[in-house]
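Fold and contact review
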Amino acid sequence: MPKIHSIEFFASKCIVELTVNGLFIFRSDAKNGVSLNYPFNTELIGKGNSVTFTLYPTILDNGLPSSYSDVTIQGTIKIYGENDITGPETGELIQRIDFTDVIEQRKMDAVTITDLTKLFHMTKTFTFDNDGLSFRNRLLDAPVIKDEKLLLDYAEKLRDILAKQDIEALWREYKPKVDDYANAYPQEFPDSLQWFTDFFKNDFFPGGPVTDFKKDDIGLRSWCDGRVWEIFVKPAQKFFLNKGLDGDINSIEIFVSLVDGKIKIVR
């Protein structure tokens, strides 16, 4: 069984964005603090993994933008065994998430730069290698997609499949993603087709898929240097969304790329 790679952090007084090997993972306004515990086996590439945090100013309760010196961010990148319980005292440490050196450099720069807003944008990348799992074919080696019309046409195809609640057609589009997750977390997906069918048939579709939008409402965002594209509904709605069943609303981010010459859902 593959070991579990996990990013765990707490941030405050900033907007924090996280990417792994060029793929978007998380973005949040952490004015009052935000924490994340994210297993990322499906983003591993073997040699030369990069975990990148980018911090931006947020607006504090006093109405002023936060400064680099206000920021708190700390955490770890770890490996856990199959039966390990995640926590501060467990797991094998790969990297500590620490911006102390970047913040100290900003303080030194502030002596000579008068426009302090230019100092805030801070980025730091943590690198490491991993054994076993690699999805380099998705994130680094997939063909670049330049034709946005092709992507929008595909997004409409997905919307229409959802509207028809066609599980078989959706499985054909979703299979690369489910296969990757089954490889990354085999203990959670012993029968990936059954898991997929049960989720959409018993949960997502009964909740009422939201499909009442047009092509002009569809947004695209490029990741991994144009190899992976995020599809969403403008301004910021996840592409797969339902109205909810008994108050339980499902929303799923959709990332696509070229697989054997055809656009498919990969994350």
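A brief report on the enclosed structure follows. Values in this document were obtained by computation on a predicted structure and should not be read as measured data. (Residues numbered from 1 in each chain as written. Predicted model: local features only at pLDDT ≥ 70, side-chain atom pairs only at ≥ 80, totals over all residues. Heavy atoms only, no water.)

With that settled, the discussion passes to the overall build of the protein. Helix and strand content of the protein: 6 helices and 15 strands. Computed over the C-alpha atoms, the radius of gyration of the protein is 20 Å, within 12% of the 18 Å expected from 2.2 N^0.38 for a compact globule of 267 residues. Each principal axis of the C-alpha distribution contributes one length, and for the protein these read about 60 × 45 × 40 Å. Expressed as a percentage of the 267 residues in the protein, the buried residues total 48%. Considering only contacts within the protein whose residues lie at least 6 apart along the sequence, 68% involve residues at least 24 apart. Here the protein displays about 13700 Å² of accessible surface, and carbon together with sulfur accounts for 49% of that area. Averaging the positions of the 32 positive and the 41 negative side-chain charges in the protein gives two centres separated by 4 Å. (Helix = DSSP H or I, 4+ residues; strand = E, 2+ residues; numbered from the N terminus. Rg over C-alpha atoms; globule rule 2.2 N^0.38 Å. Buried < 20%, exposed > 50% of the residue type's maximum accessible area, 1.4 Å probe, protein only. Contact = heavy atoms within 4.5 Å. Areas by Shrake-Rupley, 256 points an atom, 1.4 Å probe, with all protein chains shown as cover. Lys, Arg positive; Asp, Glu negative; His and termini not counted. Charge placed at Lys NZ, Arg CZ, Asp CG, Glu CD.)

It is worth spelling out the sheet that holds strand S5 (residues 49-56) at this point. Spatially, S3-S2-S5-S8 is the arrangement adopted by the 4 strands of the open sheet, whose pairing is antiparallel. This sheet does not close on itself; its edge strands, each paired only once, are strand S3 (23-29) and strand S8 (122-128). Each strand axis lies, on average, 15 degrees off the axis of its neighbour in the sheet, ignoring direction. (Pairing = 2+ DSSP bridges. Axes fitted to C-alpha atoms, helices over the stretch in contact; angles between N-to-C directions.)

This part is about the packing of helix H5 (residues 167-184) against helix H6 (residues 192-204). As a packed pair, H5 and H6 sit with axes 10 Å apart at the nearest point and diverge in direction by 130 degrees. What the angle tells us is that H5 and H6 run oblique. Judged by the sense of rotation from one axis to the other, the crossing of H5 with H6 is right-handed. Along the contact surface, H5 presents Ile167, Leu170, Trp171, Tyr174, Val178 and Ala182, while H6 presents Ser192, Leu193, Trp195, Phe196, Thr197, Phe200 and Lys201. Here the residues of the contact of H5 with H6 are counted per class, giving 10 nonpolar, 2 polar and 1 charged. (Parallel < 35°, antiparallel > 145°, perpendicular 65-115°, else oblique. Left-handed = near helix turned anticlockwise from the far one by under 90°. Nonpolar A, V, L, I, M, F, W, Y, C, P; charged D, E, K, R; others polar.)

In terms of burial, strand S6 (residues 72-80) is a largely internal element, 7 of the 9 residues being buried. Relative to S6, strand S1 (residues 4-12) runs antiparallel, the two sharing 9 bridges. Within S6, the residue paired with Ser12 across the bridge is Thr72. Direction of pairing for S6 relative to strand S7 (residues 92-98): antiparallel, over a ladder of 6 bridges.

Here Thr76 lies in strand S6. With relative accessibility at 11%, the residue Thr76 sits in the buried group. Aside from chain neighbours lying at most four places away, what touches Thr76 is Ser6, Ile7, Glu8, Leu93, Gln95, Arg96 and Ile97.

By the criterion of burial, S5 is predominantly enclosed, with 6 of the 8 residues buried. Note that S5 and S8 share 7 bridges and pair antiparallel. Bridge pairing in S8 places Thr52 opposite Thr125.

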